[in-house]
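# What the coordinates show
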Amino acid sequence: MSDARRPQRLHIGLFGRRNAGKSSLCNALCGQDAALVSPVPGTTTDPVEKVMELAPLGPVVLLDTPGLDDAGELGAQRVARSLRALEEVDVALVVLEDQRWGAPERELAALLQEADVPFGIVCNCRDDAAEQAARRLGPEAFALPASVPLAVCRLDGAATPAGALDGVREMLVRLRPPAEEPPLLRDLLPPRGRLILVCPQDGSAPKGRLIMPQVQAIRDALDGDALCLVVTDKALGAALDSLREPPQLIVCDSQVIAAVAATAPPDVPLTTFSVLMARLKGDLPLLARGAAALHGLRPGDTVLIQEACSHHPQADDIGRVKIPRLLARLAGGELDCRLLAGRHWQDYAAAPRPRAVVHCGGCTLSRRQMTRRLVTARRADLPMTNYGMAISLAQGVLERVLSPFPEALAAYREACLDQNVRAGHA
Ligand code: SF4
């Protein structure tokens, strides 16, 4: 099996009514009984995930969701969970029992279109007559654009003959969005470029291993044939002294940026793992614009601290302690920092309205999932930045760590000007 990390896998959502055949399709694609299948409607009560290799797509996560027509109070909660799964997926399959298309499917299709999630229709036919009828249909039969693909099959869970899924596999290949991740850092260096990665190994570093952004940076440097020196913050000065020529890029952990910026020669490009990950995962200029809003914080303002997973908090936890402390210093007094953690994006409608959102690095999120969070915040007119940029800003070095990315630097400066204008009018 591929060792692709979860965020890099194609996330495929299976949606539809109860008993339309979603779990059967999940099991047919897996070739095993990953999801519980039963003729009793509503057997899937929570989204079920299956991490697998799916030929010819490669590494995927299948997300089998509860029925969209579930009833009662609990049923409504299950429907809400299904719809929340829309945030997670890169592509969706809408499974129909025969050609049954009604209000739940229409609403789902509208939500998928609004969220810009490519989707196809799978007609799970119970008998020959239904199959023949379905094969005569096109997407226009469901008032959908001609570009929406449609597949017809007879599902029987893991016992479904492999060939019966050819249409579904072809559909998924057609729906898969093109890979759009930029490189992590190798485009910032010339061939055989000299790179120093500063990876502090203090008490908050995991025992015996490097964290994922550091590992990814080393791998990307090797892919780019760079000359990569990996050191702790304490060894940076010695590393610089040991080089005949200065490095062409230094990347460090945000938490030591102040010390590294003081040690690194001023003409050497310097950035943080956090900025690199922000560019890889989302929209760096937009996050840089969001950082400018932190200059406008005043004591008592509400700030939303958003984490994409629920990890065990440490004593000096970054989201609960360090970021609120730095922001309070920036604002000149205590802030009302509210932490929200979890894979699902939270509703901003809850009062009081935050002045800004400071998001974690989102290492468990795919680029699409992170981008969706950014778009949601932008639609709500909420400036959003990330932990690393907030730390660099509070240390007075954000312009320096953005300087390898002229577009992001320009966006930050423009937003700062805008911020001053707004403050002037306040
Ligand atoms: S960066 Fe975010 S998603 Fe990754 S471990 Fe930290 S809190 Fe969790």
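Here's a quick rundown of the structure. Computed from a predicted model, the values in this text were never measured in an experiment. (Residues numbered from 1 in each chain as written. Predicted model: local features only at pLDDT ≥ 70, side-chain atom pairs only at ≥ 80, totals over all residues. Heavy atoms only, no water.)

## Section: the sheet that holds strand S8 (residues 227–231)
This is how it is decided: When DSSP finds two or more bridges between a pair of strands, those strands are recorded as paired. We count a stretch as a helix when DSSP gives it H or I for four or more residues in a row; a strand needs E for two or more, and each element gets its number in order from the N terminus. Axes here refer to lines fitted to C-alpha atoms; in helices the fit is confined to the stretch in contact. Angles between the N-to-C directions go from 0 to 180 degrees. Throughout, a residue-residue contact means that at least one pair of heavy atoms, one from each residue, lies within 4.5 Å.
Spatially, 4 strands are ordered S8-S7-S9-S10 in an open sheet, and the strand pairing comes out parallel. The sheet is open, and its two borders are formed by S8 and strand S10 (270–272), each paired with just one other strand. Averaged over all neighbouring strand pairs, the angle between strand axes comes to 20°, with direction disregarded. Pairing of strand S7 (residues 194–198) with S8, which is carried by 5 bridges, proceeds in the parallel orientation. Residue pairing in the sheet places Ile 196 in a bridge with Leu 229 of S8. Against the sheet, helix H9 (residues 273–281) engages S7, strand S9 (249–252) and S10, with an angle of about 70° to S10.

## A few points about the pairing of strand S11 (residues 302–307)
Rules: Categorising residues by exposure relies on relative accessible area from a 1.4 Å probe, with only protein chains included: less than 20% of the type maximum marks a residue as buried, more than 50% marks it as exposed, and the intermediate range marks it as partly exposed. Consider the strands pointing away from the viewer: the crossover is right-handed when the path from the first strand over the helix to the second runs clockwise.
Most of S11 sits out of view: 6 of its 6 residues are buried. Here S11 shows no split at all, with Thr 302, Leu 304 and Gln 306 on one side and Val 303, Ile 305 and Glu 307 on the other all buried. Two elements, S11 and strand S12 (residues 336–341), share 6 bridges in a ladder whose sense is parallel. Residue pairing for S12: Glu 307 is matched across the bridge by Ala 341. Taking the sense of rotation as the criterion, the β-α-β connection linking S11, helix H11 (residues 318–331) and S12 turns out right-handed. Two strands pair when backbone bridges link them, and S11 and strand S13 (residues 356–359) are joined in this way by 4 bridges, in the parallel orientation. In the strand pairing of S13, Gln 306 is matched with His 359.

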